[in-house]
Amino acid sequence: MSPLAWALTGLAGAIALSLLLPGWLGGVWSPTPKDVARIMLDLAQPHAGEHLVDLGCGDGRLLILAARQGLQATGYEINPFWRLWIFAKAALLGLQGSIKVKGTDLFQASLEDTQIVTVFLSQAALNRLEPIFAKQLPPGARIVTYEKVLPGWTALKAVEVRPGKWVYLYGKEQQS
Ligand SMILES: C[S@@+](CC[C@H](N)C(=O)[O-])C[C@H]1O[C@@H](n2cnc3c(N)ncnc32)[C@H](O)[C@@H]1O
């Protein structure tokens, strides 16, 4: 193989690994379909100026939707390729003032000033996040999850967005 072919193979391998390895941490990359992302945001009934956090933000689609609706949006994403992608896309769309992406582990996120959290991660990750939400989120905060549930919390709403696939809305003050 030529040096260029080796380099391209190495790059492709690195990208594939960076997409799959986070599966052990919170969930592999798998994008929320765009129509579902819109439903998730609508369910939270966002107001301009509110702060949305997407925990494990992937390619940043929820951040971009939120920023377009006048929200401040922060994503936590362990994969540097996606952080770079979001940085470039936000700049291209003129949304760089409304979108931040952090490379910190999402379980270290600080959520005290967050009104809306969106999550599309493994059930194990949601189980770990539950006490963090209970401790950190302010009253009135909304959490929207795709496919997985927040253990011990009663959903305010549940919408079947695909056969057998649900989006759940939780409210901080509704915690049971
Ligand atoms: C299922 S994808 C969801 C992407 C995006 N939220 C969406 O709805 O389209 C999960 C993302 O979380 C990231 N991730 C997994 N564990 C993480 C961790 N511990 N800290 C930060 N990001 C993590 C993965 O790299 C992946 O991009």
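Coordinates for the structure precede this section.
What you see is a predicted model; the values in this text were computed from it and never measured. (Residues numbered from 1 in each chain as written. Predicted model: local features only at pLDDT ≥ 70, side-chain atom pairs only at ≥ 80, totals over all residues.)

Visitor: Give me the environment of Ala67: which residues, what numbers.
Guide: Of note, Ala67 is situated in helix α3 (residues 61-68). Exposure remark for Ala67: the 21 C-beta atoms within 10 Å place this residue in the buried category. Remark: the alpha-carbon pair of Ala67 and Leu156, spanning 89 residues in sequence, is separated by 25 Å. Those residues in contact with Ala67, other than ones at most four positions away along the chain, are Ala73, Leu95, Ser98 and Ile99. (Helix = DSSP H or I, 4+ residues; strand = E, 2+ residues; numbered from the N terminus. Buried ≥ 20, exposed ≤ 12 C-beta atoms within 10 Å, placed from the backbone. Contact = placed C-beta atoms within 7 Å.)

Visitor: Quick rundown of the pairing of strand β4 (residues 116-119)? Include the residues and the values.
Guide: Side chains Ile116 and Thr118 of β4 all project onto a buried face; the interleaved residues Val117 and Val119 project onto the opposite face, where all are buried too. With four bridges connecting them, strand β1 (residues 51-55) and β4 associate as parallel partners. Bridging across to β4, Leu52 finds its partner in Ile116. Inspection of the sheet shows β4 paired to strand β5 (residues 142-146) by four bridges, in the parallel sense. Within β5, the residue paired with Val117 across the bridge is Ile143. (Pairing = 2+ DSSP bridges.)

Visitor: Outline the sheet that holds β4, supporting the account with residue identities and numerical values.
Guide: Adjacent strands of a sheet pair through backbone hydrogen bonds, lying either parallel or antiparallel. The seven strands lie next to each other as β3-β2-β1-β4-β5-β7-β6, forming an open sheet whose pairing is mixed. The sheet terminates laterally at β3 (99-102) and β6 (157-162), the two strands that pair on one side only. On average, each strand axis in the sheet is inclined to that of its neighbour by 15°, with strand direction left out of account. Against the sheet, helix α4 (residues 80-92) makes contact with β2 (72-76) and β3, and its axis sits at roughly 170° relative to β3, the strand it touches most. Here helix α5 (residues 123-136) sits on the sheet and contacts β1, β4 and β5; the angle it forms with β4, its principal contact strand, is near 170°. (Axes fitted to C-alpha atoms, helices over the stretch in contact; angles between N-to-C directions.)

Visitor: A description of unusual backbone geometry should follow, citing residues and the corresponding values.
Guide: One non-glycine residue, Gln45, adopts positive backbone phi at about 45°. Although it is not a glycine, Glu147 sits at a positive phi angle of roughly 75°. Considering the arrangement of structural elements, one finds Glu147 in the loop between β5 and β6. On the neighbour-count criterion, Glu147 (21 C-beta atoms within 10 Å) is buried.

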